Amino acid sequence: MKRKSGQNPDITKNWKPATLAIRGGTARSEYGETSEALFLTSGYSYDRAEDAAARFAGEQVGMTYSRLQNPTVEMLEQRIALLEGAEACRATATGMAAMTAALLCQLSAGDHVVGAKAAFGSCRWLTDTLLPKFGIETTTIDGSDTAAWEAAIRPNTKVFFFETPANPTMDIVDLAAVCAIAKAHGITSVVDNAFATPALQRPMDFGADVVAYSATKMMDGQGRVLAGAICGTRDWIDNILLPFHRNTGPTLAAFNAWVVLKGLETLDLRIRRQSENALKVAAFLEGRVAKVLYPGLPSHPQHALAMRQMAMAGPIFSLYVGGGRAEAHGLLNGLELVDISNNIGDSRSLMTHPASTTHFGMAEAARLEVGITEDMLRLNVGLEDADDVIADLDQALRSIGR
Ligand SMILES: *Cc1c(COP(=O)(O)O)cnc(C)c1O
């Protein structure tokens, strides 16, 4: 690989996020292609047997097998690390592969994890079901209550695990305060930053140790591929995560890495426009439904905190239609433009009923405890004209008599 530009660290260290999103991590082959090359190869060959031996011994720089290294995947990892302000990043096949690897690589039987109750359904499954199965104790708390984090600490607590904003209740965790509590107790904070992305919020700037992503969401941003990523210090990635990742193999496919590289080029543009659209749509809905939960609205109980740690509030919010499942499903069925879809972070506006889809696997009592009621809906506001989205919601609301 030859690297014609971006190789002078004295210059690249001054690059702003919009520049890094286009150029960060780019490595060119001998053909000098402008766009990143897609290396669809599972293995690598060696000029001499001694080269193979030296590479396996770690004495020669180079790739050996695509479960371990791939040039396209490495470009993505470097780009995400640069955007995050992290020393290193490792890509994964999905967001859940990232969350699972970020937790299991550092935990052993007898350890204790504190997690936020409000979380993506599968993340709750990790804390409620998977970790206890392997003898790892877990406690779930109200993540928006900073004192609850400190109160839940035990002598064997190793990890704090949370997302902010949380899916789908839009709870905000005070990153600086909770990460400081973790640091003071030698606990590793693992933040799922899928909703905000580094374009709107960089948890490491507030003291987070590990930041994990579903890159399926805003990073791809166009609903095409599944992907994930884990960011940390070089030492943590190399010595804690890599032995687990290389040997268990939740590796990202080169093709998907290439798609996400292309997605990152427009992340900043997309997430800012979608955040503007979401604010308009949320403001429209505020007068029309029982309640809207959007951190960008002054009515959100943690609006001030959200705006301290996020540049904008993002494309996603939740609303309570009022009534029950019949009203929520009725609103969804009345939509003409917005799709009924449980995905988020897409350039299309998508709406889902969490209680019967993304959070269906959670016990009903646990759902109600975090506010996932039968009349709750989650909306991902896309890149369409906000007025068209508002008109669609308006006619769907009329269809259920609102
Ligand atoms: C979607 C999502 C995940 C899981 O990511 P996948 O790419 O679907 O595996 C994890 N956390 C949050 C907050 C998510 O929104």
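Residue positions within a chain follow its written sequence, with the count starting from 1. With pLDDT at 70 or above as the cut-off, local features in this predicted model cover only qualifying residues; side-chain atom pairs require 80 or more to be listed or tallied, and sums for whole chains, interfaces and linings still use all residues. Hydrogens and water molecules were not included; the side-chain quantities draw on all heavy atoms of the structure.

S.K.: Got a sec to walk through the overall build of the protein chain? Specific residues and values, please.
M.R.: A helix here means a DSSP run of H or I that spans at least four residues, while a strand means a run of E at least two residues long, and both kinds are numbered starting from the N terminus. Counting secondary structure elements, the protein chain contains 16 helices and twelve strands. Computed over the C-alpha atoms, the radius of gyration of the protein chain is 22 Å, within 12% of the 21 Å expected from 2.2 N^0.38 for a compact globule of 402 residues. The principal-axis extents of the C-alpha atoms in the protein chain amount to approximately 75 × 50 × 35 Å. Per-residue burial over the protein chain gives 55% buried out of 402 residues. Radius of gyration: C-alpha atoms only; globule rule: 2.2 Å multiplied by the number of residues to the exponent 0.38. Burial classes: relative accessible area under 20% of the type maximum marks a residue as buried, over 50% as exposed, and values in between as partly exposed (1.4 Å probe, protein chains only).

S.K.: Tell me about the sheet that holds strand β1 (residues 88–92), and please be specific about residues and values.
M.R.: Spatial strand order, β1-β7-β6-β5-β4-β2-β3: seven strands in an open sheet with mixed pairing. Here the strands that pair on one side only, and so sit at the sheet edges, are β1 and β3 (137–141). Each strand axis lies, on average, 20 degrees off the axis of its neighbour in the sheet, ignoring direction. In this structure, strand β6 (residues 210–214) lies alongside strand β7 (residues 228–232), joined through four bridges in antiparallel fashion. Paired with A212 across the strands is I230, a residue of β7. Set on the sheet, helix α6 (residues 121–133) makes contact with β2 (112–116), β3, β4 (157–163) and β5 (188–192); between it and β3 the angle comes to about 150 degrees. Packed on one face of the sheet, helix α10 (residues 234–248) meets β1, β6 and β7 and runs near 20 degrees to β1. Only strands joined by at least two bridges in the DSSP assignment are considered to pair. To get an axis, fit a line to the C-alpha atoms, keeping to the stretch in contact for a helix; angles then go from 0 to 180 degrees between the N-to-C directions. We call two residues in contact whenever any of their non-hydrogen atoms come within 4.5 Å of each other.

S.K.: Run through empty space enclosed by the protein, naming residues and quoting values.
M.R.: A cavity, in this analysis, means grid points on a 1 Å lattice covering only the protein atoms where a 1.4 Å probe fits yet has no way out; a pocket is instead an open set bounded by protein on both sides within 12 Å along at least five of seven lines, and a residue lines either one if it has an atom within 4 Å of a point. Grid points are joined across faces, edges and corners, and a volume is the space filled by probe spheres set on the points. Considering all chains together, one arrives at three cavities of 30 Å³ or more under this definition. Estimated volume of the largest cavity: approximately 60 Å³. If you trace the largest cavity, you find it lined by G115, A116, A118, A119, C123, R124, T127, F161, F162, E163 and D192. Elements that contribute at least two residues to the lining of the largest cavity include exactly β2, α6 and β4. In this count, Pro and Cys sit with the nonpolar residues alongside Ala, Val, Leu, Ile, Met, Phe, Trp and Tyr, while Asp, Glu, Lys and Arg are called charged and the others, Gly among them, polar. Looking at the lining of the largest cavity residue by residue, the class counts come to six nonpolar, two polar and three charged. The calculated volume of the second largest cavity comes to roughly 50 Å³. Across the lining of the second largest cavity, the residue classes break down as three nonpolar, five polar and four charged.

S.K.: How would you summarise the UniProt feature "modified residue: N6-(pyridoxal phosphate)lysine" (unreviewed entry) in the protein chain if you had to cite specific residues and measurements?
M.R.: In the numbering adopted here, UniProt assigns the feature "modified residue: N6-(pyridoxal phosphate)lysine" (unreviewed entry) to K217. Here K217 lies in the loop between β6 and β7. For K217, a relative accessible area of 12% puts it in the buried group. Each residue touching K217, except ones within four places of it in the same chain, is listed here: F120, N343, I344 and G345. UniProt positions are given in the numbering used here, feature names are shortened, and annotations may be inferred rather than shown by experiment.

S.K.: Can you tell me about the sheet that holds strand β12 (residues 376–380), naming the residues and giving the values?
M.R.: Reading across from one edge, β8-β9-β12-β11-β10 is the order of the five strands in this open sheet, with mixed pairing throughout. Here the strands that pair on one side only, and so sit at the sheet edges, are β8 (291–293) and β10 (339–340). With three bridges connecting them, β8 and strand β9 (residues 316–320) associate as antiparallel partners. Each residue of the ladder has a partner; that of V292, found in β9, is L319. Helix α12 (residues 267–286) rests against β8, β9 and β12 of the sheet, and its axis sits at about 10 degrees to β9.

S.K.: Explain the pattern of salt bridges residue by residue, including any values.
M.R.: A pairing counts as a salt bridge when a side-chain nitrogen of Lys or Arg comes within 4 Å of a carboxyl oxygen of Asp or Glu. Enumeration according to the criterion identifies 19 salt bridges in this entry. R398 is the salt-bridge partner of D394, the closest N and O atoms lying 2.7 Å from each other. Of this pair, D394 and R398 are both found in helix α16 (residues 386–399), four residues apart, which corresponds to roughly one turn of the helix. Taken together, the shared-partner salt bridges connect E36, R79, K262 and E265 into one network.

S.K.: So what's going on with the environment of A328? Residues and values would help.
M.R.: Turning to its location among the elements, A328 is positioned in helix α14 (residues 325–333). Here the alpha-carbon distance between A328 and A37, two residues 291 residues apart in the chain, equals 45 Å. Discounting residues that sit within four places of it in the chain, A328 has contacts with V321, H353, E374, D375 and L377.

S.K.: Requested: an account of the site of the ligand, with residues and values cited.
M.R.: Close contacts around the ligand come from 15 residues, with G95, M96, D192, T216 and K217 the closest. Any N or O atom pair separated by 3.5 Å or less is treated as a polar contact, with the protein-specific requirement of one donor-capable and one acceptor-capable atom, and with residues adjacent in sequence counted only for side-chain atom pairs. In this structure, an oxygen atom belonging to the ligand sits 2.8 Å away from a main-chain N or O atom of M96. Here N167 contributes a side-chain N or O atom positioned 3.4 Å from an oxygen atom of the ligand. The accessible surface values rely on the Shrake-Rupley method and a 1.4 Å probe; as for residues, cover is taken only from the protein chains in view. Against a free-state accessible area of 380 Å², the protein chains account for coverage of 92% of the ligand. Throughout, a molecule is located in a cavity or pocket provided that more than half of its atoms lie within 2 Å of its grid points. Judged by the fraction of its atoms near the pocket grid, the ligand is located in the second largest pocket. We call a residue near a molecule or strand as soon as one heavy atom of that residue lies within 4 Å of the molecule or strand.

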